[in-house]
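Examination of the molecular architecture
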Amino acid sequence: MILALDPSAKGMQSSSSLPLFRRKSRRFPCMLLLRVVRACSNSSGELNSCENQKQRINFAGVRLEEIVDPKAGKLRLDSWISSRISGISRARVQSSIKSGLVAVNGRIVDKVSQNIKAGDQVICTISELQSLRAEPEEMTLDIVYEDEHLIIVNKPPHMVVHPAPGNPTGTLVNGILHHCNLPKVATSSQDVLSDAEDISDDEGFNSSLCAASIRPGIVHRLDKGTSGLLVVAKDEHAHAHLSEQFKQHTIHRVYISITCGVPSALSGRIDIPIGRDVNNRIRMAAIPGPTKKGHARHAASRYKVIEILAGDGLALVEWRLETGRTHQIRAHAKYIGMPLLGDEVYGGTRSMALSLLRPRIPPSCQHQVSLMLAGLERPCLHALALGFIHPHTRKEIRFSCPPPPDFAGILSQLRKMGTEKV
């Protein structure tokens, strides 16, 4: 394998538009925080070399020349390249492929899903990072609460929280900028990580990147597919105070999910570290044993079965988080053998749900179940409740919101097939 730097690599920027959740909201005068992080620091607070940090994170100009292993079977081009360059995101590799910077057996390939096989020669140059612009976008946000210092938003499913290389528009940040009458902001795409790749824990954004990193008021985040409550700060004091509460794990957070299967213990605490899945970069994994730096981090979740559904096939489960790791509930649910319904990444597939439901429901209902599962496009996970100490009044405030129609509709149908309160 040959890895080198190619200074001539150029990049490209993609865009997409996400569906919006419509509801009339009140407007308040806003002076929303624009947080700029300009220094590079390690976990001990010491300054690092920005050039070294940039080279480690950027990957621009890295050149890969390699023959696919003779023992390999049929592989996707983007997946294979991602596995050969340690630490790079698949989205970044896909951008390089689409830019015409990858050749297989001497022919340029621009299809990210191109199949390669043993003996193929692959030459790839990683594209330059392109700057991202967070432009104000008019959208009706579902604002549960708002004052001069913060906003509580009920995020719909399928909305990304902040711009990323694959989602520069239609994000919550775009909507917040418009709501608060703020101008567009720009940041390097190396400072913003995609939902599908190296996403930050939702305990806060403690960026150690060089260059300016601008994220308007975002204190924590929810995955693209997760619906529910999220707090946005409007000033520096509110941001710092809320971030500290997340860091100290004093934020009150309750989630509900529909799971494939019912756990043998109807309530419990899962204290298993979570780290990147070595076999699939877009997935996290619960990794038993002592935590190792850079591999897995302490993660603890408490769960309680609220309702057993469809003849013991599925369950409505409440989750309370002690930590806020990336995909924590999804990874812990998979670990105890009850992945979230609709979570194709973590095993809660349609086929698994059907295998659990078919033996437990009458034949007359099976077509209806198949249609229900076919329309499910995200994990059944909803941030039901959020509470914290208000940064300015110092009083505890709590909010809750019911799940959106897609979640509620599936829950209603499952209840008709049988329900048992726990």
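Here's a quick rundown of the structure. None of the values given here were measured: they were computed from a predicted structure.

As for the environment of Arg378
Considering the arrangement of structural elements, one finds Arg378 in the loop between helix H8 (363-374) and strand S22 (381-389). Its relative accessible area of 3% is what places Arg378 among the buried residues. Separated by 38 residues in sequence, Arg378 and Leu340 have C-alpha atoms that sit 9.5 Å apart. For Arg378, the side chain forms a polar contact with the main-chain oxygen of Leu381, separated by 2.9 Å. Side-chain polar atoms of Arg378 contact the side chain of Asp406, separated by 2.8 Å.

Some thoughts on the layout of surface pockets
Taken as a whole, the second largest pocket encloses approximately 320 Å³ of empty space. Considering the residues around the second largest pocket, the lining is formed by 14 residues, among which Ser82, Ser83, Val278, Asn280 and Arg281 are closest to the centre. When its residues are assigned to classes, the lining of the second largest pocket shows 2 nonpolar, 8 polar and 4 charged.

Remarks on the packing of helix H2 (residues 77-84) against helix H3 (residues 90-98)
Packing of H2 against H3 leaves a shortest axis separation of 9 Å and a crossing angle of 120°. Between H2 and H3, the angle is such that the two are oblique. Between H2 and H3 the crossing geometry is right-handed. Here Leu77, Asp78, Ser79, Ile81 and Ser82 of H2 lie close against H3, whose contacting residues are Arg90, Val93, Gln94 and Ile97. For the contact of H2 with H3, the residue count by class is 4 nonpolar, 3 polar and 2 charged.

Examining the pairing of strand S8 (residues 121-125)
Looking along a regular strand, one sees the side chains alternate between the two faces of the sheet. As paired strands, strand S3 (residues 62-67) and S8 are joined by 5 bridges and run antiparallel to one another. Within S8, the position partnered with Leu64 by the bridge is Cys124. Across 3 bridges, the pairing between strand S5 (residues 102-104) and S8 is antiparallel. When the bridges of S8 are listed, Val102 appears paired with Cys124.

Some thoughts on the pairing of strand S20 (residues 300-309)
With 7 of 10 residues buried, S20 is to be regarded as a mostly interior element. As judged from the 8 bridges shared by S20 and strand S21 (residues 314-321), these two strands associate in the antiparallel manner. In the sheet register, Lys304 faces S21, and the bridge partner there is Glu318. Connecting S20 to the next strand, S21, in antiparallel fashion are 4 residues, including Ala310 with a positive phi near 50°. As paired elements, S20 and strand S24 (residues 419-421) share 3 bridges and run antiparallel to each other. Among the inter-strand pairings, Glu307 is bridged to a residue of S24, identified as Lys421.

Concerning the sheet that holds strand S19 (residues 296-297)
Taking strand neighbours across the sheet as the criterion, the 3 strands line up as S18-S17-S19 in an open arrangement whose pairing is antiparallel. In this open sheet, the two edge strands, each paired with only one partner strand, are strand S18 (284-286) and S19. Summarising the sheet, strand S17 (residues 274-276) and S19 pair through 2 bridges and their orientation is antiparallel. Note on S19: the bridge partner recorded for Gly275 is Ala296. Where helix H6 (residues 328-335) meets the sheet, it contacts S17 and S18, and its direction lies at approximately 45° from that of S18.

Examining helix H9 (residues 405-416)
With 12 residues, H9 ought to run about 16 Å at 1.5 Å a step, and its terminal C-alpha atoms sit 16 Å apart, in line with that. Residues of H9 that are buried: Phe407, Ile410, Leu411 and Leu414. Buried residues of H9 fall within an arc of 100° about the axis and therefore sit on the same side. Along H9, exposed side chains directed more than 90 degrees from the buried face belong to Pro405 and Lys416. In this structure, the buried residues of H9 make contact with strand S15 (252-260), S20, S21, helix H7 (350-357), H8 and S22. Remark: Gly418 follows H9 within two positions and exhibits a positive phi of approximately 135°.

Considering H8
A rise of 1.5 Å per residue sets the reference length of H8, with its 12 residues, at 16 Å; its end C-alpha atoms lie 18 Å apart and thus fit the reference within 8%. Within H8, burial applies to Val369, Met372 and Leu373. Down the axis of H8, the sector holding all buried residues measures 85°, keeping them to one side. Structural note: H8 exposes Ser364, His367, Leu371 and Ala374 on the side pointing more than 90 degrees away from its buried face.

Analysis parameters
- Residues numbered from 1 in each chain as written.
- Predicted model: local features only at pLDDT ≥ 70, side-chain atom pairs only at ≥ 80, totals over all residues.
- Heavy atoms only, no water.
- Helix = DSSP H or I, 4+ residues; strand = E, 2+ residues; numbered from the N terminus.
- Buried < 20%, exposed > 50% of the residue type's maximum accessible area, 1.4 Å probe, protein only.
- Polar contact = N/O pair within 3.5 Å; in protein donor to acceptor, adjacent residues only side chain to side chain.
- 1 Å grid on protein atoms, 1.4 Å probe; cavity = no way out; pocket = protein on both sides within 12 Å on 5 of 7 lines; lining within 4 Å.
- Points joined across faces, edges and corners; volume = space filled by probe spheres on them.
- Nonpolar A, V, L, I, M, F, W, Y, C, P; charged D, E, K, R; others polar.
- Axes fitted to C-alpha atoms, helices over the stretch in contact; angles between N-to-C directions.
- Parallel < 35°, antiparallel > 145°, perpendicular 65-115°, else oblique.
- Left-handed = near helix turned anticlockwise from the far one by under 90°.
- Contact = heavy atoms within 4.5 Å.
- Pairing = 2+ DSSP bridges.
- Expected span 1.5 Å × (residues − 1).
- Arc of directions from axis to C-beta.

As far as function goes, none of this settles anything; it's purely spatial.
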